[in-house]
Amino acid sequence: MSERSSRDRCLHADTRLVHEGTLRSEFGETSEALFLTQGHVYASAEECEARFKGESPGFLYARFSNPTVAMFEQRIASFEGAEAARATATGMAAVTAALMGLLQAGDHIVAARALFGSCRYVVAELLPRFGVASTLVDGTNLDAWREAVRPETKVFFLESPANPTLEVIEIAAVAQIAREVGAKLVVDNVFSSPLWQKPLELGADCVVYSATKHIDGQGRCLGGIILGSEAFIQTHIHTLLRQTGPSMSPFNAWVLLKSLETLPLRVERQTRTAAIVADALAEHSKIGRLIYPGRADHPQADIIARQMKGGSTLIALEIEGGKAGAFRFLNALDLIRISNNLGDAKSLITHPATTTHQRFTPEERAEMRVSEGLVRLSVGLEHPGDLIEDLVQALERV
Ligand SMILES: Cc1ncc(COP(=O)(O)O)c(C=O)c1O
């Protein structure tokens, strides 16, 4: 095995997404190999003992590590600017492991209330079952973070932009408060994608992704990733993952590894198209409100300019007529498909109030600003003209 790292660290990020982490076997394959193996054999009992003690390098068992998974981990860590990464079976496995790895009974977590439904479940329902108290705050209000802090607060958690409202939180400012109070900041960076925002550079301790979204980008496999410093991963994440087993399958790692090669091409194009679509629809009479991180009328445009290098592949649209109006709009779409996923080459549209945020009470949805008329559009790789035509004809039937 060779070429674990690129020869030097000066390569541009796009180049590293093509080469970093490659473990080339004795066969000299061009494309990274898929090591579809549960385990490994050892030349001797002594070698096996040394491997288990960590005294000899190498792989042991796919619940702990696998060469294809390791290639994916190293490549995404290099792009993110993280010292270490651990892959998981899904994005939710990454979120859950990152939080559980940091917290124990008696601790307290403060989280932004605008969260993906499953993230909010973990924070507000699952962790309290294990003795971890949680407080949800308006993440855009820095005073609210400060006021929620207790002596036992150990973790801050946020998504920015948030799913599905695209609300943006000033990561550097929240990281500063976390540092002051001795808490770790975990950022779910899914909605920005690894391309447009680097939470570790902004002061976060840990970044999590659903690799299912832009990283795959072609609707094939689930995956998650946890990134941070070597010390952070070793102290808080490594043993939890190894012993509890939410590992990424080598097959999924292989698909996601190959996807990384085209991530910038896809996300740059999808973002450019999303900006064109957002501008074309912003003044439409059937749209009460359009939120796009990249437009000057986004409520946190100043923060976006400071902390994001690009906009988003997602647009939030408030359709006139509440749920009935939103459903008429979705059902009239022809090219854009109704689906709860995002980040895909195919443009997809979701009605969060009846899907991703369906399990919450109307009051909780109102608190998260998930209204009955809100739809979330994930812009794909189609031509912007075809998308606009489809959206406009559907709006005419609302
Ligand atoms: C912001 C955010 N975090 C986490 C997840 C969970 O990812 P997965 O579906 O891969 O478990 C999602 C999925 O939609 C998401 O939107």
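The rules we used
Residues numbered from 1 in each chain as written. Predicted model: local features only at pLDDT ≥ 70, side-chain atom pairs only at ≥ 80, totals over all residues. Heavy atoms only, no water. Helix = DSSP H or I, 4+ residues; strand = E, 2+ residues; numbered from the N terminus. Buried < 20%, exposed > 50% of the residue type's maximum accessible area, 1.4 Å probe, protein only. Pairing = 2+ DSSP bridges. Axes fitted to C-alpha atoms, helices over the stretch in contact; angles between N-to-C directions. Core = buried A, V, L, I, M, F, W, Y, C linked by side-chain atoms within 4.5 Å. Contact = heavy atoms within 4.5 Å. Near = heavy atom within 4 Å. Polar contact = N/O pair within 3.5 Å; in protein donor to acceptor, adjacent residues only side chain to side chain. Areas by Shrake-Rupley, 256 points an atom, 1.4 Å probe, with all protein chains shown as cover. 1 Å grid on protein atoms, 1.4 Å probe; cavity = no way out; pocket = protein on both sides within 12 Å on 5 of 7 lines; lining within 4 Å. Sits in = over half its atoms within 2 Å of the grid points. Nonpolar A, V, L, I, M, F, W, Y, C, P; charged D, E, K, R; others polar. Points joined across faces, edges and corners; volume = space filled by probe spheres on them. Patch = residues over 30% accessible without salt bridge, like charges linked within 9 Å, V, L, I, M, F, W, Y side chains within 5 Å. Salt bridge = Lys/Arg side-chain N within 4 Å of Asp/Glu carboxyl O. Phe/Tyr/Trp six-rings, centres within 6.5 Å; stacked < 30°, edge-to-face > 60°. Parallel < 35°, antiparallel > 145°, perpendicular 65-115°, else oblique. Left-handed = near helix turned anticlockwise from the far one by under 90°.

1. So, the environment of valine 190
No. 1: Take valine 190: it is sitting in the loop between strand E5 (184–188) and helix H8 (193–196).
No. 2: Among the residues examined, valine 190 registers a relative accessible area of 9% and is labelled buried.

2. Section: the sheet that holds strand E7 (residues 224–228)
No. 1: Taken in spatial order, the 7 strands line up as E1-E7-E6-E5-E4-E2-E3 in an open sheet, and their pairing is mixed. Every other strand in the sheet has two partners, leaving strand E1 (84–88) and strand E3 (133–137) as the edge strands with one partner each. When strand polarity is set aside, the average angle formed by the axes of neighbouring strands in this sheet is 20°.
No. 2: Two elements, strand E6 (residues 206–210) and E7, share 5 bridges in a ladder whose sense is antiparallel. Bridge pairing in E7 links valine 207 to leucine 227.

3. Observations regarding the nonpolar core
No. 1: Counting 35 residues, the largest nonpolar core has Phe72, Ile76, Ile215, Ile225, Leu227 and Leu260 as its most contacted members.
No. 2: Listing elements by their share of this core, those giving two or more residues are helix H3 (67–80), E1, H8, E6, E7, helix H10 (250–260), helix H11 (263–281) and helix H12 (301–307).
No. 3: Of all the elements, H3 adds the most residues to this core, at 7 residues.
No. 4: Those residues in contact with isoleucine 215, other than ones at most four positions away along the chain, are Phe72, Ile76, Pro194, Tyr209, Leu256, Ser259, Leu260, Leu263 and Arg266.

4. A word on the site of the ligand
No. 1: Lining the immediate environment of the ligand, one finds 14 residues, of which Gly91, Met92, Asp188, Ser210 and Thr212 sit closest.
No. 2: Lysine 213 places a side-chain nitrogen or oxygen 3.0 Å from an oxygen atom of the ligand.
No. 3: Calculation on the ligand without its partners gives an accessible area of 390 Å², and the protein chains cover 91% of this total.
No. 4: Structurally, the ligand is housed in the second largest pocket.
No. 5: Among the residues forming the shell around the ligand, the class breakdown is 5 nonpolar, 6 polar and 3 charged.

5. What about empty space enclosed by the protein?
No. 1: Inspection of the entire model under this criterion finds 2 cavities of 30 Å³ or more.
No. 2: For the largest cavity, the calculated volume is near 140 Å³.
No. 3: Going through the elements one at a time, H3, E1 and helix H9 (230–244) are the ones with two or more residues in the lining of the largest cavity.
No. 4: Ranked by the residues each element gives to the lining of the largest cavity, the list is headed by H9, at 3 residues.
No. 5: Here the lining of the largest cavity is composed, by residue class, of 7 nonpolar, 5 polar and 4 charged.
No. 6: Considered as a void within the structure, the second largest cavity measures approximately 30 Å³ in volume.
No. 7: Every residue lining the second largest cavity is listed: Val190, Ser193, Pro194, Tyr209, Ser210, Lys213, His214 and Ile215.

6. So, a nonpolar patch on the surface
No. 1: Together, Leu34, Leu36 and Phe251 make up an exposed nonpolar region whose accessible area comes to about 290 Å².
No. 2: Positionally, leucine 34 belongs in the loop between helix H1 (13–19) and helix H2 (45–53).

7. With respect to the pairing of strand E12 (residues 374–378)
No. 1: Of all 5 residues in E12, 5 are buried, a share of seventy percent or more.
No. 2: Alternating residues of E12 divide into Leu374, Arg376 and Ser378 and Val375 and Leu377, and every residue in both groups is buried.
No. 3: For strand E9 (residues 314–319) and E12, the ladder comprises 5 bridges, and the chain directions are antiparallel. Bridge assignment links glutamate 318 to a residue of E12, and that residue is leucine 374.
No. 4: By the bridge criterion, 3 bridges tie strand E11 (residues 348–350) to E12 in an arrangement that is antiparallel. In the strand pairing of E12, leucine 348 is matched with serine 378.

8. With respect to the packing of aromatic side chains
No. 1: In total, this model carries 3 aromatic pairs according to the counting rule given.
No. 2: On the basis of an interplanar angle of 80° and a centroid distance of 5.8 Å, the ring pair of tyrosine 61 and phenylalanine 64 is categorised as edge-to-face.
No. 3: Overall, tyrosine 61 belongs to the partly exposed group, its relative accessible area being 38%.
No. 4: Between tryptophan 145 and phenylalanine 156, the ring centres sit 5.1 Å apart and the planes meet at 40°, which makes this aromatic pair tilted. On the criterion of sequence distance, the pair formed by tryptophan 145 in helix H6 (residues 142–148) and phenylalanine 156 in strand E4 (residues 153–159) is long-range, its members being 11 residues apart.

9. Here's the deal with the packing of helix H4 (residues 91–102) against H9
No. 1: The contact between H4 and H9 brings their axes to 9 Å, and the two run at 115°. The angle between H4 and H9 places the two elements in the roughly perpendicular class. Crossing hand, H4 versus H9: right-handed. Where H4 abuts H9, its residues Ala97, Ala98, Met100, Gly101 and Leu102 lie against Phe232, His236, Ile237, Leu240 and Leu241.
No. 2: Among the residues forming the contact of H4 with H9, the class breakdown is 8 nonpolar, 2 polar and no charged.

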